[in-house]
Amino acid sequence: MKKSINLFKNIIFSNFRRLSSPYKVTFALTYKCNLRCKICNIWKSQSLGEVTVLEIEKIFKKIPELNWVDLTGGEVTLRENSLDVVKVIIRNSEKLSIFHISSNGQLSDKLIPLVEVILKTGVIPVVNISIDGPKGINDELRGGTDTYVKSIETFNSLKKLRKGHYHLSCTISNYNINYIDELLADLSRDVSRFSYSDIHFNVFHNSPHYYNNEGIDGLSGLDLGILKTYLGLRKKGSLFKKIIEDKYVKGVFVYLKTGKVRAVKCQALNSSCFINPQGMVYPCLIYNQTMGNLRDQDYDISRLWNSPDVFMVHGKIKEKACPDCWGACEAFSSILGDINGSLKMA
């Protein structure tokens, strides 16, 4: 209960002022990946010099208000010591309430133990399993064999766990927009007690420093009417989920039409940030602006967070002099951190 109250407090405070340290951190544990997706080149990124478990412990010891962590990759389960990493993060984050993991779902035997460890601590696990189309299309788009089957097996295993929030995550692009109906039909057959609340749709983004996919065109030619139909399916579920999903969907269409979502204040460097596998800090997954390396700051994120350079970049973000993305990983914290702006969004 105390953790939830602290999370709520930081969400409210982020609506009115910049926090003294981030309450939400996205941490890319590794850029190693066992798939070769058409819309993502993370697997081509540098995987040498990843921060060690000991260094990760030093980093998370010094994020005093951390309530929400997004652990992502690459594929997180490819780090041999990923289980130790999860334990270290939780042990050194006494206010942690939400532990989100993004996975391609190909290594169920490695992912399920991570989630079980989180469940034992009382922290809420939120796990997204990537899937981009029906069987043959998913294999083609994700550059692997039996990728659909493995993702479904992993997701069905997650749904058997007693608590937590588990979703299939589909990134819509011009590569798969024509196969979503077939995907939904297959999921209705293959997923235990399938409902639309099981799947989250998001929209393709470019990111030079994270996805390493600059130059890939994933959006041209998308039919916005068809896209609206699929994104609208996200709004199934609890009242709170419906409200948040509704704001996300509205923001997607503002972004696709204008390239900006000016109504909502971004939370990058206001209450959240991104850390790459080598300890480099960025405002978010998309903005290709380095803030410095935690290895050079005694692993103390506060030194960077409160530095003149970070204040300068935060000012640019406030003025929307940045890519101004609307990726789901950043959009949800922005919706929560600017409730007034979210209510005004058309």
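Residues numbered from 1 in each chain as written. Predicted model: local features only at pLDDT ≥ 70, side-chain atom pairs only at ≥ 80, totals over all residues. Heavy atoms only, no water.

Draft legend 1. Geometry of the overall build of the protein. Scanning the protein from terminus to terminus reveals 13 helices and nine strands. Here the protein has a C-alpha radius of gyration of 19 Å; the compact-globule value for 346 residues is 20 Å, and the two agree. Referenced to the eigenvectors of the C-alpha coordinate spread, the extents of the protein come out at roughly 50 × 45 × 40 Å. Looking at the protein as a whole, 58% of its 346 residues qualify as buried. A separation of at least 24 residues holds for 76% of the contacts in the protein among residues at least 6 apart in sequence. Put simply, the protein shows about 14,600 Å² of open surface, and 54% of that area lies on carbon and sulfur atoms. Across the protein, 46 positive and 34 negative side-chain charges occur, with their mean positions spaced 6 Å apart. (Helix = DSSP H or I, 4+ residues; strand = E, 2+ residues; numbered from the N terminus. Rg over C-alpha atoms; globule rule 2.2 N^0.38 Å. Buried < 20%, exposed > 50% of the residue type's maximum accessible area, 1.4 Å probe, protein only. Contact = heavy atoms within 4.5 Å. Areas by Shrake-Rupley, 256 points an atom, 1.4 Å probe, with all protein chains shown as cover. Lys, Arg positive; Asp, Glu negative; His and termini not counted. Charge placed at Lys NZ, Arg CZ, Asp CG, Glu CD.)

Draft legend 2. Region of the structure containing the pairing of strand E3 (residues 98-103). Buried residues dominate E3, accounting for six of its six residues. Pairing analysis gives four bridges linking strand E2 (residues 68-72) to E3, with the strands arranged parallel. In the strand pairing of E3, Asp70 is matched with His100. You can see the chain leave E2, run along helix H3 (residues 82-91) and come back into E3, and the turn it takes is right-handed. Bridging between E3 and strand E4 (residues 124-130) involves six bridges; their strand directions are parallel. When the sheet's bridge partners are listed, Phe99 is paired in E4 with Pro125. In this fold, the crossover linking E3 to E4 by way of helix H4 (residues 108-121) has right-handed handedness. (Pairing = 2+ DSSP bridges. Right-handed = clockwise from strand over helix to strand, strands pointing away.)

Draft legend 3. Structural detail: the pairing of strand E6 (residues 199-203). Taking burial as the measure, the five residues of E6 include five buried ones, the bulk of the element. Of the two faces of E6, the one lined by Ile199, Phe201 and Val203 and the one lined by His200 and Asn202 are each fully buried. Following the chain from strand E5 (residues 165-172) across helix H7 (residues 180-190) to the adjacent parallel E6, one finds a crossover that is right-handed.

Draft legend 4. Spotlight on the environment of Cys33. Tracing the sequence through the fold places Cys33 in the loop between strand E1 (24-28) and helix H2 (53-61). Ignoring anything within four residues of it in the chain, the contact list for Cys33 reads Trp43, Gly74, Glu75, Leu78 and Asn104.

Draft legend 5. Up close: unusual backbone geometry. Put simply, Gly73 and Gly74 share a cis peptide bond, and its omega is 20 degrees. Phi at Leu269 takes a positive value of approximately 65 degrees, unusual for a residue other than glycine. Topologically, Leu269 is positioned in the loop between helix H9 (239-258) and strand E7 (272-275). The phi dihedral of Lys320 is positive, around 65 degrees, even though this residue is not glycine. Counting through the fold element by element, Lys320 comes out in the loop between helix H11 (308-318) and helix H12 (328-337).

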